[in-house]
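Architecture at a glance
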Amino acid sequence: MSESIRNISLYFQEGTSDKEYHVRLTKSGDMYSVNVQYGRRGSTLSAGNKASDVSLEEAEKVYAKVVAEKTKKGYHE
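What follows is about helix α1 (residues 56-72). Because an α-helix packs 3.6 residues into every turn, residues spaced three or four apart end up facing the same way. Here α1 contains 17 residues, and its C-alpha end-to-end distance of 24 Å stays within 8% of the 24 Å for a straight helix at 1.5 Å per residue. Listed as buried for α1 are Ala59, Val62, Tyr63, Val66, Val67 and Lys70. With its buried residues spanning 130 degrees around the axis, α1 presents them on a single face. Facing away from the buried surface of α1 by more than 90 degrees, the exposed residues are Glu57, Lys65 and Lys72. Among the structural elements, β1 (3-14), β2 (17-28), β3 (31-40) and β4 (46-54) are those in contact with the buried residues of α1. Of the residues trailing α1, glycine 74 is marked for its positive phi of about 110 degrees.

Before going further, it helps to examine the sheet that holds β1. Taken together, the four strands give an open sheet; going across it, the order is β1-β2-β3-β4, and neighbouring strands pair in antiparallel fashion. Strands with a single pairing partner mark the edges of an open sheet, and in this sheet they are β1 and β4. In this sheet, neighbouring strand axes are inclined to one another by 10 degrees on average, regardless of whether the strands run parallel or antiparallel. Contacts from α1 reach β1, β2, β3 and β4, with the element oriented near 175 degrees to β2.

As for its position among the elements, threonine 26 is in strand β2. Residue threonine 26 is classed as buried on the basis of its relative accessible area of 8%. In contact with threonine 26, other than residues within four places in its own chain, are Ser2, Glu3, Ser4, Ile5, Met31, Tyr32, Ser33 and Asn35.

This brings us to unusual backbone geometry. Its identity as a non-glycine residue notwithstanding, aspartate 53 has a phi of 50 degrees, on the positive side. Summarising the element assignment, aspartate 53 is placed in strand β4.

Moving on to the side chain of histidine 22. Note on placement: histidine 22 falls in strand β2. Looking at histidine 22, its side chain comes within polar contact range of the side chain of serine 9, at 2.7 Å. Histidine 22 has contacts with Ile8, Ser9, Tyr11, Asn35, Val36, Gln37 and Leu45, leaving out every residue within four places of it along the chain.

Attention shifts here to the pattern of salt bridges. In the structure shown here, the tally under the stated rule is three salt bridges. Here lysine 61 and glutamate 57 are joined by a salt bridge, their closest N and O atoms 3.7 Å apart. Note that lysine 61 and glutamate 57 are positioned in helix α1 at a spacing of four residues, about one turn of the helix.

Reading guide: rules and limits
- Residues numbered from 1 in each chain as written.
- Predicted model: local features only at pLDDT ≥ 70, side-chain atom pairs only at ≥ 80, totals over all residues.
- Heavy atoms only, no water.
- Helix = DSSP H or I, 4+ residues; strand = E, 2+ residues; numbered from the N terminus.
- Expected span 1.5 Å × (residues − 1).
- Buried < 20%, exposed > 50% of the residue type's maximum accessible area, 1.4 Å probe, protein only.
- Arc of directions from axis to C-beta.
- Contact = heavy atoms within 4.5 Å.
- Pairing = 2+ DSSP bridges.
- Axes fitted to C-alpha atoms, helices over the stretch in contact; angles between N-to-C directions.
- Polar contact = N/O pair within 3.5 Å; in protein donor to acceptor, adjacent residues only side chain to side chain.
- Salt bridge = Lys/Arg side-chain N within 4 Å of Asp/Glu carboxyl O.

As structure tokens, then:
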């Protein structure tokens, strides 16, 4: 069973575009993962994995990188 350590929900709305992006850092045993969900707001979201079974330090780096990339593209909380 995995435990959520940190998560953020980001949104982007411009013109007809209305998207959401969720990033979650989870712990399972002694290892950590970074998972994402994304898609058009109100529809079924796609899921992905940015890192799995890595150290906390590595997972935090990946988490921060994904959040930075999305905010640079105009996403906000």
